[in-house]
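Single-letter residue listing:
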Amino acid sequence: KGNFLLGISVIMSLSLVVLIGCTTSNPPVDATKKTTGILTISTLTSAAGGSYAPRNVLAIWVETNSGQYVKTLLAYAAERKFDLTTWNANSAGNTTDAITGATQLKHTTRTCTWNGKDVSGNIVANGYYKLCMELSDKNGSGNFSSFAFAKDTVATTLNPTNVSSFSNISIKWVPN
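The following refers to the structure shown. Throughout this document, residue positions are counted from 1 along each chain, in the order its sequence is written. Given that this is a predicted model, residues contribute local features only at a pLDDT of at least 70 and side-chain atom pairs are listed and counted only at 80 or more, while totals for whole chains, interfaces and linings are drawn from all residues. With hydrogens and water excluded, all non-hydrogen atoms of the structure serve as input to the side-chain values.

## A short note on the overall build of the protein
Part 1 of the reasoning: Numbering of helices and strands runs from the N terminus; a helix is a DSSP stretch of H or I covering at least four residues, while a strand is a stretch of E covering at least two. On a plain count of helices and strands, the protein comes out with two helices and nine strands.
Part 2 of the reasoning: Put simply, the protein runs from its N terminus to its C terminus through helices and strands in the order α-β-β-β-α-β-β-β-β-β-β.
Part 3 of the reasoning: Buried means the residue's accessible area, taken with a 1.4 Å probe over protein chains only, is under 20% of the maximum for its type, while exposed means over 50%, and partly exposed covers the values in between. Scored against the burial criterion, the 176 residues of the protein give a buried share of 36%.
Part 4 of the reasoning: Here a residue-residue contact requires only that any non-hydrogen atoms of the pair lie within 4.5 Å. Restricting to contacts in the protein with at least 6 residues of sequence separation, those with at least 24 account for 67%.

Shown next, in the form of structure tokens:
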């Protein structure tokens, strides 16, 4: 009787683990579709710990889930692009159709949007993508963070936990 109850207990525990795994994994996205829509990103920037703070350079861009560059959304770094090392390595400094500008003199909320298109103007397939952000306030690499999101036929809103240099983060996909 004891072995039987132990066996039932193990089966119930494994079932619970499988159930939890299924409910916390990413839902499927139909990558055969190319849904149009708008991704709105907002974040409050803060000092990265460099000697030039509060002056800073910043880039926000989209990559595929596997790390392939899709498009730059915002790049405030006209003369200091080289300090955004992760962005430069992934985008080759491409700012086509991005919000651009010089070094920022203070920290504030930055907002930009993405229309679901790549740098060539093509609508990308639905799927999981990464929103990437990098900020530097020194001569050299700054703080980099990325956040996974789904480009899909349904609206999603994410509010990731604050990270170095970025807080009050909002990532909102609204399909057309």
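Still more to cover.
## Some remarks on the nonpolar core
Part 1 of the reasoning: In this structure, Ile60, Val62, Leu73, Trp114, Leu131 and Phe149 are the most contacted members of the largest nonpolar core, which totals 22 residues.
Part 2 of the reasoning: Contributions of two or more residues to this core are made by strand 1 (37-45), strand 2 (57-64), strand 3 (69-76), strand 5 (109-114), strand 6 (127-136), strand 7 (143-151) and strand 9 (166-175).
Part 3 of the reasoning: Apart from the residues lying within four places of it in its own chain, the contact partners of isoleucine 60 are Thr72, Leu73, Leu74, Cys112, Leu131, Cys132 and Met133.
Part 4 of the reasoning: Counting nine residues, the second largest nonpolar core, distinct from the first, contains Ala59, Trp61, Leu84 and Cys132. Grouping buried Ala, Val, Leu, Ile, Met, Phe, Trp, Tyr and Cys residues that are joined through side-chain atoms within 4.5 Å yields what is termed a nonpolar core.

## What to know about the pairing of strand 6
Part 1 of the reasoning: Along strand 6, eight of the 10 residues are buried, which leaves the element largely enclosed by surrounding structure.
Part 2 of the reasoning: As judged from the eight bridges shared by strand 2 and strand 6, these two strands associate in the antiparallel manner. Residue glutamate 63 lies in a different strand from strand 6, and its bridge partner there is lysine 130.
Part 3 of the reasoning: We treat two strands as partners when DSSP finds at least two bridges between them. Note: strand 6 against strand 7, nine bridges, orientation antiparallel.

## Quick notes on the sheet that holds strand 4 (residues 99-101)
Part 1 of the reasoning: The strand order 4-3-2-6-7 describes an open sheet built from five strands, whose pairing is mixed. One side of each edge strand has no neighbouring strand; the edge strands of this open sheet are strand 4 and strand 7. When strand polarity is set aside, the average angle formed by the axes of neighbouring strands in this sheet is 25 degrees. The axes used here are C-alpha line fits, helices contributing only the stretch in contact, and every angle between their N-to-C directions lies in the interval 0 to 180 degrees.

## Some points on the sheet that holds strand 5
Part 1 of the reasoning: With antiparallel pairing, the four strands of this open sheet are ordered in space as 5-1-9-8. Edge positions in the sheet fall to strand 5 and strand 8 (156-158), since each has one partner strand and no second. When strand polarity is set aside, the average angle formed by the axes of neighbouring strands in this sheet is 10 degrees.
Part 2 of the reasoning: The sheet contact formed by strand 1 and strand 9 spans eight bridges and is antiparallel. Among the inter-strand pairings, threonine 40 is bridged to a residue of strand 9, identified as lysine 172.

## As for the packing of aromatic side chains
Part 1 of the reasoning: By convention, a stacked pair of Phe, Tyr or Trp rings (six-membered ring in the case of Trp) has centres within 6.5 Å and planes under 30 degrees apart, an edge-to-face pair has planes over 60 apart, and any other such pair is tilted. Overall, the coordinates contain five aromatic pairs when judged by the stated rule.
Part 2 of the reasoning: Between tryptophan 114 and phenylalanine 149, the aromatic rings sit 6.0 Å apart at their centres with planes inclined by 80 degrees, giving edge-to-face as the arrangement. One end of the pair, tryptophan 114, is in strand 5; the other, phenylalanine 149, is in strand 7, and 35 residues separate them in sequence. When sorted by exposure, tryptophan 114 lands in the same class as phenylalanine 149, which is buried.

## Concerning the environment of threonine 100
Part 1 of the reasoning: Checked against the element boundaries, threonine 100 lands in strand 4.
Part 2 of the reasoning: Given a relative accessible area of 46%, threonine 100 falls into the partly exposed group.
Part 3 of the reasoning: The spacing of threonine 100 and leucine 74 is 26 residues in sequence and 5.8 Å in space, taken between C-alpha atoms.
Part 4 of the reasoning: If sequence neighbours within four positions are ignored, threonine 100 has contacts with Ala75, Tyr76 and Thr95.

## Observations concerning the pairing of strand 9
Part 1 of the reasoning: Strand direction decides the pairing type here: strand 8 and strand 9, joined by three bridges, are antiparallel. Counterpart to leucine 158 in the pairing with strand 9 is isoleucine 171.

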